[in-house]
Amino acid sequence: MEKLGPGSDADTLQVLAMIPRDGFSLVVDAGSGIGRQTLALASRLQTTVHAVDTAAKHLDSLGRYSAQLGIEHLVQTHCMDMADIPAIFRDVDLLWSECAAYHIGFPNALASWLHAIRPGGYAVISELSWLRDEVPEHVHTYFRRGYPDMRTVDENLSIAHAAGYEVIATHILSRAAWIDGYYDKLEPLARSLLDHPEQAVRTFAAQTLEGIHVFDSAADNYGYVFYVLRKPVGETTAVA
Ligand SMILES: C[S@@+](CC[C@H](N)C(=O)[O-])C[C@H]1O[C@@H](n2cnc3c(N)ncnc32)[C@H](O)[C@@H]1O
């Protein structure tokens, strides 16, 4: 897979342009995976991006891709838990995280990363969110099992405010970013695994296809929402 989750460089760069500032000296990408967005950010900003992930093999791939693009000097990898970012990084200008914060819980990620961000610095975090109040039952059923913690955009904005951030903007990931290079690759792969000898693999393949079916039938009910947040100037946070 060329992508580990839904996303696109076009969306990443569109969201980057929503930040009313350029020139960032310390940029951290939390849960970078193989680094599609890391590379997009590093190329655009021409600044070192610190890619944090617990999976060494993903970071190895990112190292290879950055070398292929000739920007290895702009990518530094850190094999570590993103929950530990405040213990390692101080005065972060821009903390980016696509499709990954849920691993440590969106509210927990926001509260914890605030300690690493400098006053006036930014956090851009994408999170799967409900886009409508009324959602078809089959969609609810699917996500009750797959992501029971999913919240509405308003609920996530309240969490951001309560954690101490100002909300600058939101952006809903484009439909194309779910399909191109992600669902269009995942679907045939999952189909080919429906007869796999291992039950766990067959179950995973079937659940993947169900997710794609839910997306095809009801994608406007939910989406990956980028929350563009700023730590207020003058805000001080206790040492984590
Ligand atoms: C769905 S992938 C998204 C990767 C990338 N941000 C993207 O959008 O393509 C989630 C990534 O989070 C990483 N991850 C999961 N838990 C983590 C943790 N506690 N600390 C750091 N990385 C973590 C996984 O290894 C994986 O690479």
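A brief structural summary. For clarity, every value in this text was computed on a predicted model and none was experimentally measured.

1. A short note on the packing of aromatic side chains
Item 1. Tallying each qualifying case throughout the model produces eleven aromatic pairs.
Item 2. Plain terms: the ring middles of Trp178 and Tyr222 are 6.0 Å apart, the flat faces sit at 85 degrees to each other, and that makes the pair edge-to-face. With Trp178 in helix 8 (residues 175-192) and Tyr222 in strand 8 (residues 222-230), this residue pair connects regions lying 44 residues apart in the sequence.
Item 3. Relative accessible area serves as the criterion here: at 6%, Trp178 is assigned to the buried category.
Item 4. On the accessibility criterion, Tyr222 (3% relative accessible area) is buried.
Item 5. Members of the aromatic cluster, each reached through a chain of ring pairs, are Trp130, Tyr142, Phe143, Trp178, Tyr182, Tyr183, Phe215, Tyr222 and Tyr224.

2. Thoughts on the side chain of His50
Item 1. Assignment of secondary structure puts His50 in strand 2 (residues 49-53).
Item 2. A relative accessible area of 12% means that His50 is categorised as buried.
Item 3. A distance of 2.8 Å separates polar atoms of two side chains, one belonging to His50 and the other to His78.
Item 4. Excluding residues within four positions of it along the chain, His50 makes contact with Leu26, Val27, Val28, Asp29, Gln76, His78 and Phe89.

3. Some details on the pairing of strand 3 (residues 75-79)
Item 1. The pairing of strand 2 with strand 3 spans five bridges and is classified as parallel. Residue Val52 lies in a different strand from strand 3, and its bridge partner there is His78.
Item 2. Each parallel crossover has a hand, and the one from strand 2 via helix 3 (residues 56-68) to strand 3 is right-handed.

4. As for the layout of surface pockets
Item 1. Here the largest pocket defines a volume of roughly 1300 Å³.
Item 2. Quantified by volume, the second largest pocket comes out at close to 150 Å³.
Item 3. Forming the boundary of the second largest pocket are Leu13, Leu16, Ala17, Ile19, Arg21, Asp22, Gly23, Phe24, Arg44 and Leu45.
Item 4. For the lining of the second largest pocket, the per-class residue count stands at six nonpolar, one polar and three charged.

5. Focus on the site of the ligand
Item 1. As a structural note, the neighbourhood of the ligand is formed by 18 residues, with Gly31, Asp53, Asp81, Met82 and Glu98 the closest of them.
Item 2. Between the ligand and Thr54, the relevant distance is 3.4 Å, taken from a nitrogen atom to a main-chain nitrogen or oxygen of the residue.
Item 3. Measuring from a nitrogen atom of the ligand, one finds a backbone N or O atom of Glu98 at 2.8 Å.
Item 4. Here the ligand has 600 Å² of accessible area as a free molecule, and 88% of this is covered by the chains.
Item 5. One can see that the ligand is located within the largest pocket.
Item 6. For the shell around the ligand, the per-class residue count stands at eight nonpolar, seven polar and three charged.

6. Thoughts on the nonpolar core
Item 1. Core analysis: the biggest nonpolar cluster contains 44 residues, and Ile19, Leu94, Trp96, Phe143 and Tyr222 have the highest contact counts within it.
Item 2. By residue number, the principal contributor to this core is helix 8, which donates five residues.
Item 3. Setting aside residues no more than four positions away along its own chain, Tyr222 makes contact with Leu128, Ser129, Trp130, Leu131, Val139, Phe143, Met150, Trp178, Gly211, Val214 and Phe215.
Item 4. Grouped together as the second largest cluster of nonpolar side chains are 30 residues, Ile104, Leu114, Ile117 and Tyr165 included.

7. What about unusual backbone geometry?
Item 1. Notably, Gln46 is not glycine yet its phi reads approximately 55 degrees, a positive angle.
Item 2. Relative to the assigned elements, Gln46 resides in the loop between helix 2 (36-45) and strand 2.
Item 3. Looking at Gln46, the relative accessible area reads 52%, which means it is exposed.
Item 4. We note that Asp91 has phi near 55 degrees; this positive angle belongs to a residue other than glycine.
Item 5. Its location among the elements puts Asp91 in the loop between helix 4 (85-88) and strand 4 (92-97).

About the cut-offs
Think of each chain on its own: its residues are numbered from 1, step by step along the sequence as written. Predicted model: local features are reported for residues with pLDDT of at least 70 only, side-chain atom pairs are reported and counted for 80 or more only, and whole-chain, interface and lining totals are derived from all residues. As a rule here, side-chain values cover all heavy atoms of the structure and leave hydrogens and water aside. Note on aromatic pairs: the rings of Phe, Tyr and Trp (six-membered ring only in Trp) are paired at centre separations within 6.5 Å, and the planes decide the class, stacked below 30 degrees, edge-to-face beyond 60, tilted for the rest. In this description a helix means any DSSP run of H or I spanning at least four residues, a strand means any run of E spanning at least two, and both kinds are numbered starting from the N terminus. For each residue, the accessible area found with a 1.4 Å probe, counting protein chains only, is set against the maximum for its type, and the residue is called buried under 20%, exposed over 50%, and partly exposed in between. N or O atoms closer than or at 3.5 Å make up a polar contact, with two conditions inside protein: a donor-capable atom paired with an acceptor-capable one, and, for residues adjacent in sequence, both atoms drawn from side chains. Note on contacts: a residue pair is in contact if any heavy atoms of the two residues lie within 4.5 Å. Each pair of strands is called paired provided DSSP finds at least two bridges between the two strands. For crossovers, right-handed means that the path from the first strand over the helix to the second runs clockwise, given strands pointing away from the viewer. Both cavities and pockets are sets of points on a 1 Å grid over the protein atoms alone; in a cavity a 1.4 Å probe fits but cannot get out, in a pocket the set is open with protein on both sides within 12 Å along at least five of seven lines, and lining residues sit with an atom within 4 Å of a point. Grid points are joined across faces, edges and corners, and a volume is the space filled by probe spheres set on the points. Polar here means any residue outside two lists: the nonpolar Ala, Val, Leu, Ile, Met, Phe, Trp, Tyr, Cys and Pro, and the charged Asp, Glu, Lys and Arg; Gly therefore counts as polar. Any residue with at least one heavy atom within 4 Å of a molecule or strand is counted as near it. Here the open area of atoms and residues is found with the Shrake-Rupley method and a 1.4 Å probe, where only the protein chains shown may cover a residue. For a cavity or pocket, the test is whether more than half of a molecule's atoms lie within 2 Å of its grid points; if they do, the molecule sits there. Throughout, nonpolar core names a set of buried Ala, Val, Leu, Ile, Met, Phe, Trp, Tyr and Cys residues whose side chains join them through atoms within 4.5 Å.

Functional significance is not addressed by these values, which are geometric in nature.
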